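# Observations on the three-dimensional arrangement
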Amino acid sequence: MLLLLLLQVSASCLWLGRSEVVTSFESSCPQFFFRETPPNEALEPESPAWICQRYKNQYYFATLYDRNRRIPVYSAYLYQPGPGTRPKTWLVEPQLMGPTYPKTMEREWTLLNYFSVSLEELSKSQAVLKDYKNLTGLNRGHLNPSGHHPDTSSRTATFTLTNIVPQNEKLNGGAWNNYEQQTMIRRTQGCNTTYVVVGAVPGNNYIAKGRVNKPSYLWSSACCEVDTNHRKAWAVIAENDKNEVQLLTLGELEDVLTQLYGRGQVSLFDNDCPRE
């Protein structure tokens, strides 16, 4: 019994030292941002959580999470599409409950059965699978889409509920999907590295009895490095109740988001990424 207790304490210490919910992206997983520069504070909610999304002991992307609304503010990743199947397993973020929990995303079932976590405790910190059951006219919409990643592990990592928002099902399967799968392919021609920041503007409506916010808008932005001296950028925004996507310059999107968030001028990328 004493040995088991010591092992549990030792494991907790390891988790504490290698936290996935971090204090800043710059110090923990800056590689997902152009010039290692995350978006500025104008997007930060009242109760933010910075998540370096870890699966099987590797970081795959970064998410700024809104604890109060239980949706991501944005997810940032490198665009590296490849062949592969769509995962089916949904994951959650244990460390939103506290730093003594595992540093890697897990299935709800694993936490409930192996870590003595109650569903009530888990659901206080984030959205859970039950919140997305029996939706009408809405889907579990990825911010960071699995199809923009090259292999099974990286695709599975996107299937965390901290990367999901309630999205209009026609938009998710229509114009937004066309942007993710067709426009991105065209726009990234000639790019060596493409950095993406994709986000959701909170709305006035909720699902799951007021637990999970339904965003009013979805947006995505990209900064592409053609070579060391040349870069290009683009962006889109969509209302979350219409099957339409509007193509913008990066500067235009930042100005629109500045108005929508109302917390000062929004900057999504380092200044070396072109705004026009």
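A brief structural summary. (Residues numbered from 1 in each chain as written. Predicted model: local features only at pLDDT ≥ 70, side-chain atom pairs only at ≥ 80, totals over all residues. Heavy atoms only, no water.)

### Describing the packing of aromatic side chains
Quick reminder of the rule: Only the six-membered ring of Trp is used, alongside the rings of Phe and Tyr, when aromatic pairs are assigned; centres must lie within 6.5 Å, and planes under 30 degrees apart are stacked while those over 60 apart are edge-to-face, with the rest tilted. We call a residue buried when its accessible area falls under 20% of the maximum for its residue type, exposed when it is over 50%, and partly exposed in between, using a 1.4 Å probe and counting protein chains only.
Enumeration over the complete set of coordinates arrives at 6 aromatic pairs. Centre to centre, the rings of Phe25 and Phe33 are 5.3 Å apart; their planes meet at 35°, and the pair counts as tilted. Accessibility expressed as a relative area gives 2% for Phe33, which makes it buried. Measuring from ring centre to ring centre gives 5.8 Å for Trp109 and Tyr114, while their planes differ by 65°; the resulting arrangement is edge-to-face. Of the residues examined, Trp109 reaches a relative accessible area of 47% and is grouped as partly exposed. Cluster of aromatic residues (ring-pair linked, three or more members): Phe25, Phe33 and Tyr74.

### With respect to helix 8 (residues 250-261)
Selection criterion: Think of it this way: any DSSP run of H or I at least four residues long counts as a helix, any run of E at least two long counts as a strand, and we number them from the N terminus. Here the expected span of a helix is defined as 1.5 Å times the quantity of residues minus one. Arc definition: directions from the helix axis to the C-beta atoms.
In a regular helix each residue adds 1.5 Å, so 12 residues correspond to 16 Å; helix 8 covers 16 Å between its end C-alpha atoms and thus fits that length. Three or more residues of helix 8 are buried, namely Leu250, Gly251, Leu253, Glu254, Leu257, Thr258 and Tyr261. For helix 8, the arc enclosing every buried residue in end-on projection is 160°, short of the 170-degree limit, so these residues lie on one face.

### As for the side chain of Asp131
What counts here: Counted as a polar contact is a pair of N or O atoms within 3.5 Å, where, for protein atoms, one must be capable of donating a hydrogen and the other of accepting one, and residues adjacent in sequence contribute only when both atoms are in side chains. We call two residues contacting when some pair of their heavy atoms lies within 4.5 Å.
In this fold, Asp131 is placed in the loop between helix 4 (119-125) and strand 5 (138-142). Residue classification places Asp131 among the buried residues on the basis of a relative accessible area of 5%. At a separation of 2.9 Å, a polar atom in the side chain of Asp131 contacts the main-chain amide nitrogen of Val128. Residues contacting Asp131, with those up to four places away along its chain left out, are Gln126, Ile207, Ala208, Arg211 and Val212.

### Some remarks on the nonpolar core
The cut-off we apply is this: Throughout, nonpolar core names a set of buried Ala, Val, Leu, Ile, Met, Phe, Trp, Tyr and Cys residues whose side chains join them through atoms within 4.5 Å.
In this structure, Leu122, Tyr132, Trp176, Val196, Leu218 and Trp234 are the most contacted members of the largest nonpolar core, which totals 47 residues. For this core, the secondary structure elements donating two or more residues are strand 2 (48-55), strand 3 (58-66), strand 4 (71-78), strand 6 (164-168), helix 7 (175-187), strand 7 (193-201), strand 10 (217-227) and strand 11 (230-239). The element best represented in this core is helix 7, accounting for 4 residues. Aside from chain neighbours lying at most four places away, what touches Trp234 is Tyr179, Met184, Arg187, Thr188, Cys191, Thr194, Ser220, Ser221, Ala222, Cys224 and Leu248. One finds Ala42, Cys52, Tyr195 and Val266 within the second-largest nonpolar core, a separate group that totals 32 residues.

### Focus on the pattern of salt bridges
Selection criterion: Salt bridge, as applied in this entry: a Lys or Arg side-chain nitrogen positioned within 4 Å of an Asp or Glu carboxyl oxygen.
Throughout the structure, instances matching the rule amount to 6 salt bridges. With its nearest N and O atoms 3.9 Å apart, the salt bridge here joins Arg35 to Asp270. With Arg35 in the loop between helix 2 (25-28) and strand 2 and Asp270 in the segment after helix 8, the pair connects residues that are 235 residues apart, well separated along the chain. In this structure, the salt-bridge partner of Arg275 is Glu254, at a minimum N-O distance of 2.8 Å. Taken as a pair, Arg275 in the segment after helix 8 and Glu254 in helix 8 lie far apart in primary sequence, 21 residues in all. Note on accessibility: Arg275 and Glu254 belong to one class, buried. By sharing partners, the salt bridges in this structure join Arg35, Asp270 and Asp272 into a single network.

Such coordinate-based values are descriptive only and should not be taken to indicate function.
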